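Summary of structural features
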Amino acid sequence: MKDALLLGGYEFDSRLMIGTGKFSDVAAMTAAARASGARLVTVALSRFHRAASDDLYQPLAAIPGLTLVPNTSGARTADEAVRAAMLGRELSGSPFVKVEIHPNPRHLLPDPIETHEACRRLAKEGFAVLPYIPADPVLAKRLEDAGCAAVMPLGSAIGSGRGLQTAEMLRLLIQDSLVPVIVDAGLRAPSEAAAAMEMGCAGVLVNSAIAVAKNPAAMAAAFAAAVQAGRAARLAGLMDCGESASPTSPLTSFLGGQEA
Amino acid sequence: MSASPSFPAASGPATGPAVRPDWADPGPWLDASAIPERDDDDVGRLVRLLRDDPPAALERMAGEAERLTRCRFGRVIQLYAPLYLSNYCSSGCAYCGYAADRRQNRLRLEPDEIEAELEAMQRMGIDDALLLTGERCPEAGMDYLADAVARAARRFDHVGIESFAMSADEYQRLADAGCASLTIYQETYDPALYQDLHRWGPKRDYLFRLEAPDRALAAGMRAVGIGALLGLGDPIADVVALYRHARHLQRRHWRGGVAVSFPRVRPEPGYWQPRRPVGDALLARVIFAFRLCLPDTPLALSTREQAAFRDGMAGIGINRMSVASRTTVGGYRRAVEGDGGQFAVRDTRDVDAFCRMLRRKGLEPVFKNWAAIFNE
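Overview of the structure. Only a predicted model underlies this, so the values are computations on that prediction, with no experimental measurement involved.

Glancing now at the overall build of chain B. Within chain B, the secondary structure is distributed over 13 helices and 9 strands. Relative to the compact-globule value of 21 Å for 376 residues, chain B shows a C-alpha radius of gyration of 20 Å, a close match. Taking all 376 residues of chain B together, 63% fall into the buried category. Working note: accessible area of chain B is about 14400 Å², and carbon and sulfur atoms make up 50% of it. On chain B, the mean spot of the 50 positive side-chain charges and the mean spot of the 51 negative ones are 3 Å from each other.

We now examine the side chain of aspartate 55 of chain A. Residues and elements named next belong to chain A. Considering the arrangement of structural elements, one finds aspartate 55 in the loop between β4 (40-44) and α2 (57-61). The buried charged residue aspartate 55 lacks any salt bridge, with arginine 47 as its nearest oppositely charged partner at 7.4 Å. In this structure the side chain of aspartate 55 is engaged in a polar contact, spanning 3.1 Å, whose partner is the backbone nitrogen of tyrosine 57. Only 3.0 Å separates the side chain of aspartate 55 from the backbone nitrogen of glutamine 58, close enough to count as a polar contact. If near-sequence neighbours (up to four positions away) are discounted, aspartate 55 is found in contact with Val26, Arg47, Phe48, His49 and Arg50.

Pairing between side chains of opposite charge can happen when the charged atoms of each approach one another. The tally for this structure, following the rule as stated, stands at 39 salt bridges over all chains. Residues glutamate 144 of chain A and lysine 141 of chain A are paired through a salt bridge, measuring 2.8 Å at the closest nitrogen-oxygen approach. Separated by 3 residues within a single helix, glutamate 144 of chain A and lysine 141 of chain A lie in helix α5 (residues 137-145), roughly one turn from each other. When its relative accessible area of 12% is taken as the criterion, glutamate 144 of chain A is described as buried. The salt bridge partner of arginine 251 of chain B is aspartate 41 of chain B, with a shortest N-O separation of 2.8 Å. Here aspartate 41 of chain B lies in the loop between α1 (27-30) and α2 (43-51) and arginine 251 of chain B lies in helix α10 (residues 235-252), a separation of 210 residues in the sequence. By relative accessible area, arginine 251 of chain B is classed as partly exposed at 48%.

Further remarks concern the state of the cysteines. For the structure shown, the criterion picks out 0 disulfides over all chains. Of all cysteine sulfurs, the one in cysteine 93 of chain B lies closest to cysteine 96 of chain B, which takes part in no disulfide; the gap is 5.9 Å.

As a measure of interface size, the accessible area lost when the parts come together is often cited. The interface is formed by 34 residues belonging to chain A together with 33 residues belonging to chain B. Here chain A and chain B share an interface that buries about 2800 Å² over both sides, 49% of which is from carbon and sulfur atoms. It is Arg76, Arg83 and Arg106 of chain A that lose the most area in chain A upon contact with chain B, and together they represent 26% of the buried surface on that side. Where chain A meets chain B, there are 2 salt bridges. Its salt-bridge partner being arginine 222 of chain B, residue glutamate 80 of chain A comes within 2.9 Å of it at the nearest N-O pair. At the junction of chain A with chain B, the criterion picks out 21 residue pairs in polar contact (both at pLDDT 80 or more). Ranked by residues supplied to the side of chain A that touches chain B, first place goes to helix α3 (residues 78-92) of chain A with 4 residues. Grouping the amino acids of the side of chain A that touches chain B by side-chain chemistry returns 13 nonpolar, 11 polar and 10 charged.

We now examine the nonpolar core. Note that soluble globular proteins tend to have their nonpolar side chains buried in a common cluster. Grouped together as the largest cluster of nonpolar side chains are 118 residues, with contacts concentrated most on Leu131, Phe262 and Phe290 of chain B. It is helix α11 (residues 280-293) of chain B that provides the largest number of residues to this core, a total of 9 residues. Residues contacting phenylalanine 262 of chain B, with those up to four places away along its chain left out, are Leu242, Leu283, Val286, Ile287, Phe290, Leu299, Ala300, Leu301, Glu305 and Ile318 of chain B. With 70 residues, the next largest nonpolar core counts Ala32, Leu60, Val151 and Val206 of chain A among its residues.

So, on to the layout of surface pockets. There is about 410 Å³ of room inside the second largest pocket. As for the second largest pocket, its lining consists of 15 residues, of which Phe48, His49, Arg50 and Leu91 of chain A together with Lys368 of chain B are closest to the centre. A breakdown of the residues in the lining of the second largest pocket according to their chemical character gives 8 nonpolar, 2 polar and 5 charged.

It is worth spelling out the packing of α10 of chain B against α11 of chain B at this point. When two helices pack together, their arrangement is given by the angle between their axes and by how far apart the axes lie. Residue and element names in this part refer to chain B. At their nearest, the axes of α10 and α11 sit 12 Å apart, and the two run at 25 degrees to each other. By the angle class used here, α10 and α11 are roughly parallel. As for how α10 packs across α11, the hand of that crossing is right-handed. Judged by residue contacts, Pro235, Ile236, Val239, Leu242 and Tyr243 of α10 engage Leu282, Val286, Phe290 and Cys293 from α11. Class assignment of the residues belonging to the contact of α10 with α11 gives a composition of 9 nonpolar, no polar and no charged.

Residues and elements named next belong to chain B. Taken as a whole and judged by the stated rule, the model has 1 cavity of 30 Å³ or more. Put simply, the largest cavity is a space of about 740 Å³. Taken together, 44 residues form the lining of the largest cavity, with Tyr84, Glu162, Arg304, Gln342 and Phe343 sitting closest to its centre. Counting only elements with at least two residues in the lining of the largest cavity, the list comes to β1 (76-84), β2 (128-132) and β7 (299-301). The biggest single contributor to the lining of the largest cavity is β1, with 3 residues. The residue inventory of the lining of the largest cavity, partitioned by class, reads 22 nonpolar, 11 polar and 11 charged.

Basis of the calculations
- Residues numbered from 1 in each chain as written.
- Chains lettered and ligands numbered in written order.
- Predicted model: local features only at pLDDT ≥ 70, side-chain atom pairs only at ≥ 80, totals over all residues.
- Heavy atoms only, no water.
- Helix = DSSP H or I, 4+ residues; strand = E, 2+ residues; numbered from the N terminus.
- Rg over C-alpha atoms; globule rule 2.2 N^0.38 Å.
- Buried < 20%, exposed > 50% of the residue type's maximum accessible area, 1.4 Å probe, protein only.
- Areas by Shrake-Rupley, 256 points an atom, 1.4 Å probe, with all protein chains shown as cover.
- Lys, Arg positive; Asp, Glu negative; His and termini not counted.
- Charge placed at Lys NZ, Arg CZ, Asp CG, Glu CD.
- Salt bridge = Lys/Arg side-chain N within 4 Å of Asp/Glu carboxyl O.
- Polar contact = N/O pair within 3.5 Å; in protein donor to acceptor, adjacent residues only side chain to side chain.
- Contact = heavy atoms within 4.5 Å.
- Disulfide = S-S within 2.5 Å.
- Buried area = accessible area lost by both parts, 1.4 Å probe.
- Nonpolar A, V, L, I, M, F, W, Y, C, P; charged D, E, K, R; others polar.
- Core = buried A, V, L, I, M, F, W, Y, C linked by side-chain atoms within 4.5 Å.
- 1 Å grid on protein atoms, 1.4 Å probe; cavity = no way out; pocket = protein on both sides within 12 Å on 5 of 7 lines; lining within 4 Å.
- Points joined across faces, edges and corners; volume = space filled by probe spheres on them.
- Axes fitted to C-alpha atoms, helices over the stretch in contact; angles between N-to-C directions.
- Parallel < 35°, antiparallel > 145°, perpendicular 65-115°, else oblique.
- Left-handed = near helix turned anticlockwise from the far one by under 90°.

Take it as geometry only, folks, not as evidence of what the structure does.
Written as structure tokens, this is what we have:
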């Protein structure tokens, strides 16, 4: 059975996206990208560096089957993000852009106001827009209305490894979303990626947890397996669980079997 | 710490040691019997880490510093290189090789020489250039600096300046010319010692310098780098004040980047002798303590430090480093006769040798982590 991720009119056979910063070297990064089976990888425009040893773009562009998603990390405003997106498209030819506007350089939490404005303009420019956002169900709907191809709420702060701290908001967000919800940021363990998929996320994006692992390629493969397991569990239908055991004799027998 | 208002000024705008604002005052935390009740920035934790005596504690701090650096910044070291535009200077900083009363061949790069130096840096692979001058003087003033910034911004994605303290309008002018960051060290946060060491010239104005990073961030500069020149005064007092300064900036300018550097003056023949030399173990402890207390703040270490110390600190607290620096004017194309530079460069490795070391340690040397498009 085919279970593709549909994003902006494109189909992908992996639900794991990976980020490409923070690796110990480009070879470790490309090895992890291959091992992850990811079809979508995001690269900061600031790390495009033609013909240099620290360039992340060319080594990824050389891997068959990958779609590059330039991101606007470094932008503080909608104007800056739009300019970065345009340049990213020009350099990479990718129809996708990941809008990242996190003006506070310490916690890197997304600015919802600037992000919404940038997404609105970029969607009009024909981009498949993937915004990094706070786990805010209202903002997610506003971005859907603005024409985003997906929304990417955070599980916890970038690089924090704190997992799905926003689980309650994610549940509300997923419940009503008409576009794919891809959890981005904060995951540390594959089990957290599986949990996100079981909740109904369409995908997850992982960077630090892979880049900083002792063996990044092996961790990338572990995340891939977890995402598949979580997705399969979601499709299989998880059993309901309550706070206590279900009573063996029906509580409503006094109604004598009458139907409402 | 109150200073005598009767201290005579040799010249310059300040008439006596400045009364420093609360946010740059380490005083309340230095006296163990008078720790303030209110400690919103947990200065007390920093002080405990700085004074934690057993050597075993240092190893524990290093491990935690490495973990935090890795989570937040990854297995990556960001590289930059300084470009000394001019060593003309109007100030008399007692500790500086370029002070106005030093016998020193005075040079200034002319536009074609600036281009040639920038090109030499580009050939080394540098994409983050820090442009330096002395204190404001006719040979190297605002017009000269703005022109140099614009030239550098045409070649490099990231351009910063380390120069004299300026007005907000002047910072805005440089930001508009393509300057993304300001580096400015308070040298010492002790107003009386500051007055003593800065013998004449515009730099005597303690408060004008202390508040320069605020003005720069308010004027639209993306980031500032601050530091204390260790070796001048009581190192613990200065780094506690430095920490408070960083927290002040982070609270006041929520979108501004604040990075911290740890320059120190070493006892060195032919150079000024530090009054309070800071050894390797203390400097390492200071850096670890900052990483533990400011996990998200970039921390930088320059080529003032020896190769072995830099190699050891890379990635365990430090995430930014200068590389293959020349501290002489015109130094990237030729050795300059009779010029010892502003300070002695102790790590003299070229870019390749330095990057090989980083890679051996499992760290990626990153030259470009910025896009010029954000400066427009």
